[in-house]
Amino acid sequence: MTQPRTDLTNVRTSVDKANGLPNPHYVDPAVYEEEKHALLFTQWAGLAVAADVPEPGDAKPLTFLGQPLLLIRDKDGDVRVFDNICRHRGMILVEEPRKIEGAIRCPYHSWCYSTKGKLVSTPHVGGPGQNTHDAIVRDDLGLIEVRSHIWRDVVWINLDGQAPAFEEAMADVIDRWKEFELPLYHGGADSRFELQVKTNWKLAVENYCESYHLPWVHPGLNSYSRLEDHYNIESYGQYSGQGTNVYRQLKNENGDTFPDFPEVGAKWGEQAEYIAVYPNVLLGVQRDHAFAIILEPKSTEETVEHIHLYYAAPQTDQSLRATNTQMWKTVFEEDIFVVEGMQKGRHVAGFDGGRFSPVMDSPTHCFHDWVAGKVQSYREGRIAAE
Amino acid sequence: MNTRLDARMIAAHEAGDQAALVALYTEAAEAAGDVDAHCFFLTHAYVFALEAGAPEAAELHARLKKLGREE
């Protein structure tokens, strides 16, 4: 039997006694590979947003953890995710984002697929000019579809196909934000941006879900959103984050604000919440706008943050939207030095994973507990298989 | 296939002009001397029509199917 790569015993104890995850979870490619399976392939992970393919036929190739996938909105408007390869010779089907006008034609031997993944043509498969053969059953050779689900415009995928149904797996957080189950309108080109960060993706989760750092890293918030106005959100085994009781709407020089999500209720007037939905999606809700951040793990020490802002109405003030995007961009950029600094710190051989504030760090501990639990289960499964 | 049609096909391929490819391969099919060559070119016309979502796809499919070359 092989020894586990890391000892996680002290991660899953109570927050006042626990240490954080050991260094190899941030710097060792072998653990990264292990976590790829334990934390991302087996769960509902964020891949993209539906707004990436707004019109029927829009197709966008993506690589998720090294796996080429195709995000596409089919002719009926449903968003689907396929393995981006032909069932014939495994050739990549779509190399660049583009509109599929009719069928997806493999550029190698021209096998064609509908936008729903059905194999519709196999030219010359039975010889020149003979496009059928008994051995090639088209119904058995459609594109391989990845299990996917859209919630809050995020395209969530379960690559191993074994996770519980999305609504079941995410029931708690869906219920928590049920007042926000309303149409979301992506703000468009001015409401999306990416940040390339030299950090393991988990450090971005950890920094996002606690409010402890806010007065130090985001001093601009102190004037209206003090530390004592925040509260922790923890649902062990599922998600964690933080909320505020003093959300203040952005206003332009005329005092105009974004329109509210209709009937979100008195509860959400000055309240806003920011939740890391494990594994890799960071969500925020406020009375008048929302955002989604999809963390794309690129390697052990590199992550791309894909940020998208949403509004309650299809048309909003462009200038106000640009100001809002810039405000959030500033906040998220302020976080870069800490996630990159913690990443560098994980190369100190004697670091024990650190100790938590039992009061302020419990959302981070909640995430570590989830990571450790999933990794332990994965390891136990591997040992049983051996 | 005559050299002029061949040259037009190459130009259409280089330009990625799918409408022209559908038309030119259909033309080549009509001019083909035997049924296999006819179906070969018709297949290309059909595939490019299918890819482009062109209205000709349905008729080209029907012709190939009638000849026992498509499902």
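Residues numbered from 1 in each chain as written. Chains lettered and ligands numbered in written order. Predicted model: local features only at pLDDT ≥ 70, side-chain atom pairs only at ≥ 80, totals over all residues.

Q: For the overall build of chain B, give the residues involved together with the corresponding values.
A: Summing up its helical and strand segments, chain B has four helices and zero strands in all. Written out in order from the N terminus, the α and β elements of chain B read α-α-α-α. Over its C-alpha atoms chain B spans a radius of gyration of 12 Å, differing by no more than 12% from the 11 Å that the globule rule assigns to 71 residues. Expressed along its principal axes, the backbone C-alpha trace of chain B runs to roughly 30 × 30 × 10 Å. In chain B, which comprises 71 residues, the share counted as buried stands at 41%. Long-range contacts, defined as pairs at least 24 residues apart, comprise 30% of the intrachain contacts of chain B with a sequence gap of at least 6. (Helix = DSSP H or I, 4+ residues; strand = E, 2+ residues; numbered from the N terminus. Rg over C-alpha atoms; globule rule 2.2 N^0.38 Å. Buried ≥ 20, exposed ≤ 12 C-beta atoms within 10 Å, placed from the backbone. Contact = placed C-beta atoms within 7 Å.)

Q: If you had to explain the overall build of chain A to someone new, which residues and values would you point to?
A: Looking only at helices and strands, chain A features nine helices and 18 strands. Against the globule reference of 21 Å for 386 residues, chain A gives a C-alpha radius of gyration of 23 Å, in line with a compact fold. Considering only C-alpha atoms, chain A reaches an extent of 75 × 65 × 35 Å along its principal axes. Out of the 386 residues belonging to chain A, those deemed buried represent 42%. Expressed as a percentage of contacts within chain A between residues at least 6 apart in sequence, the contacts between residues at least 24 apart total 64%.

Q: I'd like a description of the confidence of the model for chain B, backed by residues and values.
A: Residues and elements named next belong to chain B. Of all residues in chain B, 99% have pLDDT values of 70 or greater, and the mean over the chain is 96. Mean pLDDT values for the elements of chain B range from 94 in helix H1 (residues 3-15) up to 98 in helix H4 (residues 56-66). Reported confidences for the modelled complex are a pTM of 0.95 and an ipTM of 0.96. (pLDDT = per-residue confidence, 0-100.)

Q: I'd like a description of the environment of B:Asn2, backed by residues and values.
A: Along the chain, B:Asn2 falls in the segment before H1. Separated by 29 residues in sequence, B:Asn2 and B:Ala31 have C-alpha atoms that sit 9.3 Å apart.

Q: Residue-level account of the pairing of strand E15 (residues 272-277) of chain A, with values.
A: Residue and element names in this part refer to chain A. For E15, a buried count of six out of six residues is recorded, marking the element as mostly surrounded by other parts of the structure. What you see with E15 is no split at all: Ala-272, Tyr-274 and Ala-276 on one side and Glu-273, Ile-275 and Val-277 on the other are buried throughout. Where strand E14 (residues 239-244) meets E15, six bridges bridge the pair, whose relative direction is antiparallel. Counted as the bridge partner of Thr-244 is Ala-272 from E15. The pairing of E15 with strand E16 (residues 281-285) spans five bridges and is antiparallel. In the sheet register, Ile-275 faces E16, and the bridge partner there is Leu-283. Here E15 folds back onto E16, and the loop between the two strands holds three residues. (Pairing = 2+ DSSP bridges.)

Q: I'd like a rundown of the interface of chain A and chain B, residues and numbers included.
A: In this complex, chain A contributes 16 residues to the contact, which on the side of chain B involves 15 residues. Grouping the constituent residues of the side of chain A that touches chain B by class yields five nonpolar, eight polar and three charged. (Nonpolar A, V, L, I, M, F, W, Y, C, P; charged D, E, K, R; others polar.)

Q: Before we move on, can you summarise the domain arrangement of chain A with the specific residues and values?
A: Residues and elements named next belong to chain A. Domain boundaries assigned for chain A yield domain 1 (47-149) and domain 2 (181-366). Between the C-alpha centres of domain 1 and domain 2 the distance comes to 35 Å. Residue-level contacts link four residues of domain 1 with five residues of domain 2. Here the side of domain 1 that touches domain 2 is built from residues that sort into four nonpolar, no polar and no charged. (Domains from an automatic or database assignment.)

Q: Give a description of the sheet that holds strand E8 (residues 119-121) of chain A that names residues and reports values.
A: Residues and elements named next belong to chain A. Pairing is antiparallel across the open sheet formed by three strands, whose spatial order is E6-E7-E8. The open sheet has two edge strands, strand E6 (104-105) and E8, and neither has a second partner. Note: strand E7 (residues 112-113) against E8, two bridges, orientation antiparallel. Counterpart to Tyr-113 in the pairing with E8 is Leu-119.

Q: Any chance you could break down the nonpolar core for me, citing the residues and the numbers?
A: Counting 109 residues, the largest nonpolar core has A:Val155, A:Ala276 and B:Ala45 as the members making the most contacts within it. With 10 residues, helix H3 (residues 35-52) of chain B is the largest single contributor of residues to this core. With near-sequence residues (within four places) excluded, A:Ala276 lies in contact with A:Val205, A:Tyr208, A:Cys209, A:Tyr239, A:Ser240, A:Gly241, A:Leu282 and A:Phe367. (Core = buried A, V, L, I, M, F, W, Y, C linked by C-beta atoms within 7 Å.)

Q: So, the sheet that holds strand E4 (residues 79-83) of chain A: which residues are in play, and what are the values?
A: Residue and element names in this part refer to chain A. Overall, antiparallel pairing links the seven strands, which are arranged E1-E10-E9-E4-E3-E2-E5 in an open sheet. Two strands in the sheet have a free side with no partner beyond their single neighbour: strand E1 (45-49) and strand E5 (98-99). Where E1 and strand E10 (residues 154-158) come together, four bridges link them in antiparallel fashion. Its bridge partner lying in E10, Ala-48 is registered against Val-155.

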